Amino acid sequence: VLEPMTGSNYEVGLKGECFDKRLLGSVAVYQADQTGRPELITCDRDWSCYRASDKVRNRGFELEINGEITSDWNVSAGYTYNQSKYVGGEQEGEDFNSAAPRHLLKLASDYRLPGALNHMRVGGSFYAQSAMVQREYGKAYKIQQDAYHLINLHAAYEINKNLELQYNLDNVFDKKYYQTLGNPNYWNFYGEPRNFNMALRAKF
């Protein structure tokens, strides 16, 4: 039986606002250490074996900005950088078992139409990430999800001051991709295909 995994987490960040609170921003730097993480070393149809890993260190930073370009136009942007490495033992070097992207970018915008169409808002979002790789320790197999991006769109109509109807179209170009990676037999999950939904919101 493997010993329990142990670890520690550190994070420091700053938040601020400017232009009369029309622009908000934040930055955070983090480090997370894990020792004894269970890692697959053999995989069969009927059984699997795991070993306790050497110390794994995740380091990175996050940037986020939210604000108003005009009173009718809101935008937001976020970027995350993450690097995972073994910092000791025979596995020292790049960590190929984290199955997490190194780069992640998010952009979003929402715009209220002018004039007679002022009761409508339109917008969308853009999501992009770098490749993910999963390898089995001591084996040749490798599962990889190449870098990909997604585009989502939305439109909202204010019926009155209490009711709003919104239409969302996600994964506009019907991108086929793995959202999570596991091993050759299981735990590989596709992201959602192109889909739409409508929501009616009430305010009282």
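Small disclaimer: the values here were computed from a predicted structure and weren't measured.

Conventions and cut-offs
- Residues numbered from 1 in each chain as written.
- Predicted model: local features only at pLDDT ≥ 70, side-chain atom pairs only at ≥ 80, totals over all residues.
- Heavy atoms only, no water.
- Patch = residues over 30% accessible without salt bridge, like charges linked within 9 Å, V, L, I, M, F, W, Y side chains within 5 Å.
- Areas by Shrake-Rupley, 256 points an atom, 1.4 Å probe, with all protein chains shown as cover.
- Salt bridge = Lys/Arg side-chain N within 4 Å of Asp/Glu carboxyl O.
- Helix = DSSP H or I, 4+ residues; strand = E, 2+ residues; numbered from the N terminus.
- Buried < 20%, exposed > 50% of the residue type's maximum accessible area, 1.4 Å probe, protein only.
- Polar contact = N/O pair within 3.5 Å; in protein donor to acceptor, adjacent residues only side chain to side chain.
- Phe/Tyr/Trp six-rings, centres within 6.5 Å; stacked < 30°, edge-to-face > 60°.
- Contact = heavy atoms within 4.5 Å.

Peer 1: Outline a nonpolar patch on the surface, listing residues and values.
Peer 2: Where nonpolar side chains cluster on the molecular surface, the patch consists of Tyr 157, Ile 159, Leu 165, Tyr 167, Phe 196, Met 198 and Leu 200 and spans about 710 Å² of accessible area. When residues of the nonpolar patch are traced back to their parent elements, those giving at least two are strand E13 (163-170) and strand E16 (195-202). The element that contributes the greatest number of residues to the nonpolar patch is E16, accounting for three residues. As for its placement among the helices and strands, Phe 196 is situated in strand E16. When its relative accessible area of 57% is taken as the criterion, Phe 196 is described as exposed.

Peer 1: So, the side chain of Arg 37: which residues are in play, and what are the values?
Peer 2: With respect to the secondary-structure elements, Arg 37 resides in the loop between strand E2 (23-35) and strand E3 (38-43). Within the structure, the side chain of Arg 37 is placed 3.5 Å from the side chain of Tyr 86, a separation counted as a polar contact.

Peer 1: An account of the packing of aromatic side chains is needed here, citing residue identities and associated values.
Peer 2: In this structure the tally under the stated criterion is seven aromatic pairs. When the ring of Phe 61 is compared with that of Tyr 81, the centres are 5.8 Å apart and the planes differ by 25 degrees; the resulting orientation is stacked. Here Tyr 81 lies in strand E6 (residues 73-86) and Phe 61 lies in strand E5 (residues 56-70), a separation of 20 residues in the sequence. Residues Tyr 148 and Tyr 177 carry aromatic rings whose centres are separated by 4.4 Å and whose planes lie at 25 degrees to one another, so their mutual orientation is stacked. Of this pair, Tyr 148 sits in strand E12 (residues 148-158) while Tyr 177 is found in the loop between E13 and strand E14 (178-180), placing the two residues 29 residues apart along the sequence. Each member of the pair, Tyr 148 together with Tyr 177, is buried. Chaining the aromatic ring pairs together yields one cluster made of Phe 61, Tyr 79 and Tyr 81.

Peer 1: How would you explain unusual backbone geometry if you had to name every residue and give the values?
Peer 2: A positive phi angle is found at Lys 21, which is not glycine, with a value near 65 degrees. Even without a glycine there, the phi angle at Asp 174 is positive, about 50 degrees. With respect to the helices, strands and loops of the structure, Asp 174 is situated in the loop between E13 and E14. Since its relative accessible area comes to 38%, Asp 174 is described here as partly exposed.

Peer 1: So, the pattern of salt bridges: which residues are in play, and what are the values?
Peer 2: With the rule as written, the count across this model stands at six salt bridges. Note that Asp 54 and Arg 51 form a salt bridge whose closest N and O atoms lie 4.0 Å from each other. Linked through salt bridges whose partners overlap, the residues forming this network are Asp 110, Arg 121, Glu 164 and Arg 201.

Peer 1: With reference to specific residues and values, describe the environment of Arg 59.
Peer 2: Its place among the elements puts Arg 59 in strand E5. A relative accessible area of 44% places Arg 59 in the partly exposed class. With 28 residues separating them along the chain, Arg 59 and Gln 31 place their C-alpha atoms 4.5 Å apart. If we ignore the near neighbours within four places in the chain, the residues touching Arg 59 are Tyr 30, Gln 31, Tyr 81, Asn 82 and Gln 83. Looking at Arg 59, its side chain comes within polar contact range of the side chain of Gln 31, at 2.7 Å.

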